[in-house]
Amino acid sequence: MDFFIDRFPLYLEGAGTTFTITVLGTALAFVLAMVIGVLGTLRNPVARGVASFYTETFRGIAALVLMFWMAFSIPQITPYELDVTFAAVLALGLNVGAYGAEVVRASINAVPKAQTEATIALNMTWARRMRLVILPQAWAQMLPTFGNLVIELMKASAIVSLIGVTDLTQVARLQGQASGQTILAFGSALVMYFVIAQVLIVGVRLLERRANRRLGRTPPAGGGLLALLRPPTVGATATGGAR
C-alpha cells in the first residue's frame, strides 16, 4: 500500500493520460462510426463503396502498426511530424471506428422496415426520418456494443507507451524498473485500469437508460450505483413509446 500511496501522483497523471486518450479516441471513433455506418446503409454504390473500403481497411490493420506508421513514418515521407499523443488518438480512433461503423450499420438495418415505410407514407424527408424515427431506435440497440468497444479502446491504449506516450502502463513500467518491485508497480496499474473501466461502464449505462426512456421503456427502479454496473433490464414499454 505504501508503494502505491508514495507514487499516487505519478499513477494519477498516467491514468489521466490514459483517460484522455480513451475519451478523444472514442469521440473520433464515434464520429467515424456514425458517418461510415450511415453511408453503409445507403443505396448509392459510391457511398457503400467508401464505407466498405474504410471498414475493411482499418479492421485489417493492427492498431499498433498504424500507430507506429503515423508517429514515425509520416515524418519521413512528409514535412509534418505528428505529436505522439495525437498519433495514438488517431490510430485508435480509426481502428475502433471501423468496428463501430459495422455496429451502426447493423443497428440501422435492424430497425423494422415497417418503421421506414411509415415515414415514407408520411412524406418525411430522409434526414427527418433518420433523426426522428430510425436513429433513436438504432441508438438504443448499438449502445451496449459501443460500450464494449470503448472498454476495448481503453485497454488497447496501453500500447501507446511503445511510441513514447507516458500513460498508465508507461508509469508502471518505469516505476517497476526504478524500484525493482514489478508486482506492486503493475498491480497498482491494474487497479487504476479497473477503476477507469468502471467509470466508463457507468457512463455507458447512463446513456443506455436515457435512450430506453426516450423510447418509452422504463428500467426497474432501485439498485443505486451498483445497478449501473450491470447490463440494464428493460421493463414494460410505456404507453405512447416507440413500437
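Here is what the cut-offs are and how they apply
- Residues numbered from 1 in each chain as written.
- Predicted model: local features only at pLDDT ≥ 70, side-chain atom pairs only at ≥ 80, totals over all residues.
- Heavy atoms only, no water.
- Helix = DSSP H or I, 4+ residues; strand = E, 2+ residues; numbered from the N terminus.
- Contact = heavy atoms within 4.5 Å.
- Axes fitted to C-alpha atoms, helices over the stretch in contact; angles between N-to-C directions.
- Parallel < 35°, antiparallel > 145°, perpendicular 65-115°, else oblique.
- Left-handed = near helix turned anticlockwise from the far one by under 90°.
- Nonpolar A, V, L, I, M, F, W, Y, C, P; charged D, E, K, R; others polar.
- Buried < 20%, exposed > 50% of the residue type's maximum accessible area, 1.4 Å probe, protein only.
- Salt bridge = Lys/Arg side-chain N within 4 Å of Asp/Glu carboxyl O.
- Expected span 1.5 Å × (residues − 1).
- Phe/Tyr/Trp six-rings, centres within 6.5 Å; stacked < 30°, edge-to-face > 60°.
- Patch = residues over 30% accessible without salt bridge, like charges linked within 9 Å, V, L, I, M, F, W, Y side chains within 5 Å.
- Areas by Shrake-Rupley, 256 points an atom, 1.4 Å probe, with all protein chains shown as cover.
- pLDDT = per-residue confidence, 0-100.

A short note on the side chain of N95
With respect to the secondary-structure elements, N95 resides in helix α5 (residues 84-110). Aside from chain neighbours lying at most four places away, what touches N95 is F58, I61 and A63.

Digging into the packing of helix α8 (residues 168-179) against helix α9 (residues 182-214)
Direction vectors running N to C along α8 and α9 enclose 165 degrees, while the axes themselves pass 8 Å from each other. In terms of axis orientation, α8 runs roughly antiparallel to α9. Judged by the sense of rotation from one axis to the other, the crossing of α8 with α9 is right-handed. For the pair α8 and α9, the contacting residues are L168, T169, A172, R173, Q175 and G176 in the first and T182, A185, F186, A189, M192 and Y193 in the second. Each residue belonging to the contact of α8 with α9 can be placed in one class, and the counts come to 7 nonpolar, 4 polar and 1 charged.

Considerations on unusual backbone geometry
One non-glycine residue with positive phi stands out, namely N123, at about 65 degrees. Here N123 falls in the exposed class, since its relative accessible area comes to 68%.

So, the pattern of salt bridges
Within this structure, the stated rule accounts for 4 salt bridges. A salt bridge links E208 to R205, with the shortest nitrogen-to-oxygen separation between them at 3.0 Å. In this pair, E208 and R205 are both assigned in helix α9, 3 residues apart and thus about one turn of the helix distant. The exposure classification of E208 matches that of R205, with both residues buried.

Quick notes on helix α4 (residues 63-77)
Under the 1.5 Å per step criterion, the end-to-end length of α4 is 20 Å for 15 residues, consistent within 8% with the ideal 21 Å. In this structure, the buried side of α4 is in contact with α3 (45-59) and α5.

Re the packing of aromatic side chains
All told, the structure shown has 5 aromatic pairs when counted by the stated rule. Taking the centre distance of 5.1 Å and the plane angle of 45 degrees together, the rings of Y54 and F58 count as tilted. Linking Y54 with F58, this pair stays in helix α3, spanning 4 residues, or about one helical turn. An identical accessibility class is assigned to Y54 and F58; each is buried. On the basis of an interplanar angle of 45 degrees and a centroid distance of 5.5 Å, the ring pair of F68 and F72 is categorised as tilted. With a gap of 4 residues between them, F68 and F72 both fall in helix α4, about one helical turn apart. Classification of F72 as partly exposed rests on a relative accessible area of 37%. Chaining the aromatic ring pairs together yields one cluster made of F30, W139 and F146.

Things to note about the packing of helix α2 (residues 8-39) against α5
Packing of α2 against α5 leaves a shortest axis separation of 6 Å and a crossing angle of 40 degrees. Here α2 lies oblique to α5, going by the angle between them. As α2 packs across α5, the resulting crossing turns out to be right-handed. When grouped by side-chain class, the residues that make up the contact of α2 with α5 number 17 nonpolar, 6 polar and 1 charged.

Re a nonpolar patch on the surface
A contiguous nonpolar patch, built from F19, V23, L190, V191, F194, V195 and V199 and spanning about 630 Å² of accessible area, is present on the exposed surface. Counting only elements with at least two residues in the nonpolar patch, the list comes to α2 and α9. Here the nonpolar patch takes 5 residues from α9, the largest share from any one element. Secondary-structure assignment places L190 in helix α9. Looking at L190, the relative accessible area reads 59%, which means it is exposed.

Considerations on the confidence of the model for the protein
Per-residue confidence for the protein gives a mean pLDDT of 87; residues scoring 70 or more make up 89%. When the criterion is pLDDT under 50, residues 234-243 qualifies, and its contacts beyond four places in sequence or with other chains add up to 17 contacts.

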